Amino acid sequence: MTEPTHEGEAHGGALGSRLNWLRAAVLGANDGIVSTAGLVVGVAGATDDRAALLTAGLAGLLAGSMSMAAGEYVSVSTQRDSELAALAAEKRELREQPDAELEELTEMLQNRGLSREVAHEAAVQLTERDALKAHASVELGIDPDRLTNPWHAAWASFLAFTAGALLPLLAIVLPPAGWRLLVTVVCVLAALALTGWSSAGLGGAGPRRAILRNVLGGALAMGVTYAAGTLLGVAGV
């Protein structure tokens, strides 16, 4: 009876990890859509020159995707360094004071609702199987076999942002001049509704509020930047 439980826990952990990656991807794409849309719509308020719009959009896409990737790499690297340091300290403590660590694990399991006898027996079995993994999981909340890879996180953020940024960029440069703004606004708002619905679904929340937040936020961003671009264009800046 215990094996299926362990498999279920492993599958649950893997599912949770996949959901976190999907949520990060949706949020990265959302950032790419909003930031690039705000940029190109702002430029469109000042000029309808296709080359200027393409240059601004590409610059925003590259700057944003590289910034997202670098930020994610630094953030995850810092987290990974902290986790590795905690694991190293735990390994040292297990080597130098195994009895105290066994008692500590027993108390933590007992605090989770097990009786003293059952908690001690579970701590002994977990320690015999893999002491470091047991303490890392129960005490630190870390799985030593599934530490986050900063390069994976960086590439995921880069690709997600790029995918989102491509939509407003293509929408502003491909249509004829008279249709560019309308096509871009419609495409961006539709995409934001989709990312809002996706993020709500991944989080188990109702979609209406998430969609409304996304659409209103994107519309506000484009409205503000378009107004600023128009004013600058009128002023001849």
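All figures in this text were calculated on a predicted structure; none of them were measured in a lab.

(A) Just a nonpolar patch on the surface, in detail. A grouping of W151, W155 and L159 is seen on the molecular surface, where their side chains present a nonpolar patch of about 400 Å² in accessible area. For L159, the location among the structural elements is in helix 5 (residues 150-173).

(B) Spotlight on the packing of aromatic side chains. Inspection of every chain in the model, using the stated rule, returns 2 aromatic pairs. With 5.7 Å between their ring centres and 80 degrees between their planes, W155 and F158 make a pair best called edge-to-face. Here the residue W155 and the residue F158 both occupy positions in helix 5, the gap between them amounting to 3 residues, near one helical turn.

(C) Representation of the nonpolar core. With 15 residues, the main nonpolar core has I33, I172, V173, V188 and M222 as its most contacted residues. If you list the elements that add at least two residues to this core, you get helix 1 (2-46), helix 2 (50-96), helix 5 and helix 6 (180-203). The dominant element in this core, judged by the number of residues it contributes, is helix 5, at 5 residues. The contacts of I172, once residues within four sequence positions are left out, are V40, A44, L53, R180 and T184. Membership of the second largest hydrophobic core comes to 7 residues, among which are M108, L109, A123 and A134.

(D) Seen up close, the side chain of T162. With respect to the helices and strands, T162 occurs in helix 5. Judged by relative accessible area, T162 falls into the buried class, the value being 16%. Other than its neighbours up to four places away in sequence, T162 contacts L61 and S65.

(E) Representation of the packing of helix 2 against helix 5 within the structure. Where helix 2 contacts helix 5, the two axes come as close as 8 Å, and the packing angle between them is 160 degrees. Judged by the inter-axis angle, helix 2 sits roughly antiparallel to helix 5. In this structure, helix 2 meets helix 5 at a crossing whose hand is right-handed. In the contact of helix 2 with helix 5, the residues fall into 20 nonpolar, 7 polar and 3 charged.

Cut-off values and rules
- Residues numbered from 1 in each chain as written.
- Predicted model: local features only at pLDDT ≥ 70, side-chain atom pairs only at ≥ 80, totals over all residues.
- Heavy atoms only, no water.
- Patch = residues over 30% accessible without salt bridge, like charges linked within 9 Å, V, L, I, M, F, W, Y side chains within 5 Å.
- Areas by Shrake-Rupley, 256 points an atom, 1.4 Å probe, with all protein chains shown as cover.
- Salt bridge = Lys/Arg side-chain N within 4 Å of Asp/Glu carboxyl O.
- Helix = DSSP H or I, 4+ residues; strand = E, 2+ residues; numbered from the N terminus.
- Phe/Tyr/Trp six-rings, centres within 6.5 Å; stacked < 30°, edge-to-face > 60°.
- Core = buried A, V, L, I, M, F, W, Y, C linked by side-chain atoms within 4.5 Å.
- Buried < 20%, exposed > 50% of the residue type's maximum accessible area, 1.4 Å probe, protein only.
- Contact = heavy atoms within 4.5 Å.
- Axes fitted to C-alpha atoms, helices over the stretch in contact; angles between N-to-C directions.
- Parallel < 35°, antiparallel > 145°, perpendicular 65-115°, else oblique.
- Left-handed = near helix turned anticlockwise from the far one by under 90°.
- Nonpolar A, V, L, I, M, F, W, Y, C, P; charged D, E, K, R; others polar.

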